[in-house]
Amino acid sequence: MAADEPLVLGIETSCDETGVGIVRGTTLLADAVASSVDTHARFGGVVPEIASRAHLEAMVPTIERALKEAGVSARDLDGIAVTSGPGLAGALLVGVSAAKAYAYALGKPLYGVNHLASHICVDQLEHGPLPEPTMALLVSGGHSSLLLAPDITSDVRPLGATIDDAAGEAFDKIARVLDLGFPGGPVIDRLAREGDPRAIAFPRGLTGPRDAPYDFSFSGLKTSVARWIEAKRAAGEEVPVRDVAASFQEAVVDVLTRKAVRACRDEGVDHLMIGGGVAANSRLRALAEERCERAGIRLRVPRPKLCTDNGAMVAALGAEMVARNWLPSDLELSADSSLPVTEPHVPGAAHSHSHSHDHDHVHEISKDNLYS
């Protein structure tokens, strides 16, 4: 770690975790997270308004905790990075507003960054600089994407994505059907270790010869599992929860890893990075390792804590922006709930005349879509 490497604080509030990370170059100094997941568990999913209020309460204490953990002062920072999108509009707004306030008060450059690109960049904190190009499989509650990133700060290309439910969303919904609570991923992973992944032949979506090779679909699988469980209950039979968990999980990770390895082969990339909350799944890691080894592909997966939403990933991408002398975002930077992954860096309203999609800027958000 060199003293001349950029010292950057990152703020992440796209969903229900208030994450604040501090990095120097590619070295992680602090990773403070305040989660409101227990509050949402009562409702069986994330409630946007509750998430936004939790971010407001946690923001300043979490920033102070991160600075203390890193042993630095806010005035030592070379920049402040924040998730500008995608995510829940109201939750993003809290993070963007806080980042702008700190940047303005401290006279530091501000960098609005993309949540998905940050999930890729966080691997630099564990395994060193990203190869160029990087092939990334991102799997979380809101996203299942295959991305090719020749340059993580400016050139991220989507190869495929979910056309309906994301993988993490499917885990949550099946956990709900099995009365396992929220979030569903960790408990299904745990129960699946004691079950038989071959017990029930659940469908593998979009794996036919005419299907889009890199797109994902988990809606049909979710429906199939739910109907199987309902049929068992209707017949008065006991549902073999561990076997259902293992068979469902196998169907998800089989498709994810198969398509990711295929993309690496097709694009001539000899490594694969896996990120996002579902990358913490033990079976996904094991099967990816097995298939990558067989295909001669090097696998890069950050430790579980860096896979779920955190501020360290935002700081990592921000530090990369600073190191490459990217123009900072202006103070008109806004939250964009549907920010495309093709925009890893968000310059702000004053600079952004080239955006081709419709931005969901925070000042245009109505009460209707805030609560949707």
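To be clear, the structure that these remarks concern was listed above.
Residues numbered from 1 in each chain as written. Predicted model: local features only at pLDDT ≥ 70, side-chain atom pairs only at ≥ 80, totals over all residues. Heavy atoms only, no water.

> Please give an account of helix H10 (residues 282–295) that cites residues and values.
For H10, with 14 residues, the first-to-last C-alpha span of 20 Å sits near the 20 Å given by 1.5 Å per residue. Buried residues along H10 sit against strand E6 (134–139), helix H9 (241–267), strand E9 (271–275) and strand E10 (298–300). Structurally, the start of H10 carries an N-cap: the backbone nitrogen of Arg283 is 3.0 Å from a side-chain oxygen of Asn281. At the exit of H10 stands Gly296, carrying a positive phi of roughly 70 degrees. (Helix = DSSP H or I, 4+ residues; strand = E, 2+ residues; numbered from the N terminus. Expected span 1.5 Å × (residues − 1). Contact = heavy atoms within 4.5 Å. Polar contact = N/O pair within 3.5 Å; in protein donor to acceptor, adjacent residues only side chain to side chain.)

> Hey, could you go over the sheet that holds E9 for me, with residue numbers and the actual values?
Judged by pairing direction, the sheet is mixed, and its five strands sit side by side in the order E8-E7-E6-E9-E10 without closing on themselves. With partners counted over all chains shown, the strands left at the sheet margins are strand E8 (155–161) and E10, one partner each. On average, adjacent strands in this sheet sit at an angle of 25 degrees to one another, irrespective of strand direction. Where E9 lies against E10, three bridges are found, and the strand directions are parallel. Paired with Met273 across the two strands is Arg300, which belongs to E10. Together, E6, E9 and E10 form the strand contacts of H10, whose direction differs from that of E10 by roughly 160 degrees. (Pairing = 2+ DSSP bridges. Axes fitted to C-alpha atoms, helices over the stretch in contact; angles between N-to-C directions.)

> Explain the side chain of Thr162 residue by residue, including any values.
Tracing the backbone through its elements, the reader meets Thr162 in the loop between E8 and helix H6 (167–177). Within the local environment of Thr162, its side chain forms a polar contact with the backbone oxygen of Asp165, the two atoms lying 2.6 Å apart.

> Requested: an account of the pattern of salt bridges, with residues and values cited.
Proximity of charged atoms lets side chains of opposite charge pair with each other. The full count for this structure, using the stated rule, is 22 salt bridges. Between Arg204 and Asp254 there is a salt bridge, with its nearest N and O atoms 2.9 Å apart. With Arg204 in the loop between helix H7 (184–192) and helix H8 (219–234) and Asp254 in helix H9, the pair connects residues that are 50 residues apart, well separated along the chain. Residue class for Arg204 comes out partly exposed when judged on its relative accessible area of 28%. You can call Asp254 buried: its relative accessible area is 8%. Note that Asp254 and Arg291 form a salt bridge whose closest N and O atoms lie 2.8 Å from each other. Of this pair, Asp254 sits in helix H9 while Arg291 sits in helix H10, and the two are 37 residues apart along the sequence. The class of Arg291 is partly exposed, set by a relative accessible area of 21%. Salt bridges here are not isolated pairs; linked through shared partners, they connect Glu132, Asp151, Glu320 and Arg324. (Salt bridge = Lys/Arg side-chain N within 4 Å of Asp/Glu carboxyl O. Buried < 20%, exposed > 50% of the residue type's maximum accessible area, 1.4 Å probe, protein only.)

> Break down the sheet that holds strand E2 (residues 17–24) for me, with residues and values.
Spatially, the six strands line up as an open sheet ordered E3-E2-E1-E4-E5-E11, and their pairing is mixed. Each end of this open sheet is capped by a strand with a single partner; those strands are strand E3 (27–35) and strand E11 (345–346). Lying on the sheet, helix H2 (residues 48–70) is in contact with strand E1 (7–12), E2 and E3; it crosses E3 at an angle near 155 degrees. Helix H12 (residues 311–323) rests against E1, E2, E3, strand E4 (79–85), strand E5 (110–114) and E11 of the sheet, and its axis sits at about 135 degrees to E1.

> Just give me the short version of the nonpolar core, but keep the residues and values in it.
Ranked by internal contacts, the top residues of the largest apolar core, which has 49 residues, are Leu137, Phe248, Leu256, Leu272 and Ile274. For this core, the elements supplying multiple residues, two or more each, are E6, strand E7 (144–151), H6, H7, H8, H9, E9 and H10. Contacts of Ile274, omitting those with residues within four sequence positions, involve Leu137, Val139, Ala279, Leu284, Ala288, Leu299, Arg300, Val301 and Pro302. With 30 residues, the next largest nonpolar core counts Tyr111, Val122, Leu147 and Met273 among its residues. (Core = buried A, V, L, I, M, F, W, Y, C linked by side-chain atoms within 4.5 Å.)

> Account for the pairing of E8, naming residues and giving values.
Looking along a regular strand, one sees the side chains alternate between the two faces of the sheet. Of the pairings in the sheet, the one linking E7 to E8 comprises five bridges and is antiparallel in character. Note on E8: the bridge partner recorded for Leu146 is Gly160. Between E7 and E8, which pair antiparallel in sequence order, lie three residues.

> Tell me about the packing of aromatic side chains, and please be specific about residues and values.
Going through the model one piece at a time under the given rule, you end up with three aromatic pairs. Taking 5.0 Å as the distance between ring centres and 70 degrees as the angle between the ring planes, the aromatic pair formed by Phe171 and Phe248 counts as edge-to-face. Separated by 77 residues along the polypeptide, Phe171 in helix H6 and Phe248 in helix H9 bring together distant segments of the chain. In this pair, the class of Phe171 matches that of Phe248, namely buried. Relative to Trp228, the ring of Phe202 lies with its centre 6.3 Å away and its plane at 85 degrees, an arrangement referred to as edge-to-face. Linking Phe202 in the loop between H7 and H8 with Trp228 in helix H8, this pair joins segments that are 26 residues apart in sequence. The residue whose ring lies beneath Lys259 is Phe216, and the NZ or CZ to ring-centre distance is 5.9 Å. (Phe/Tyr/Trp six-rings, centres within 6.5 Å; stacked < 30°, edge-to-face > 60°. Lys NZ or Arg CZ within 6 Å of the ring centre and 35° of its normal.)

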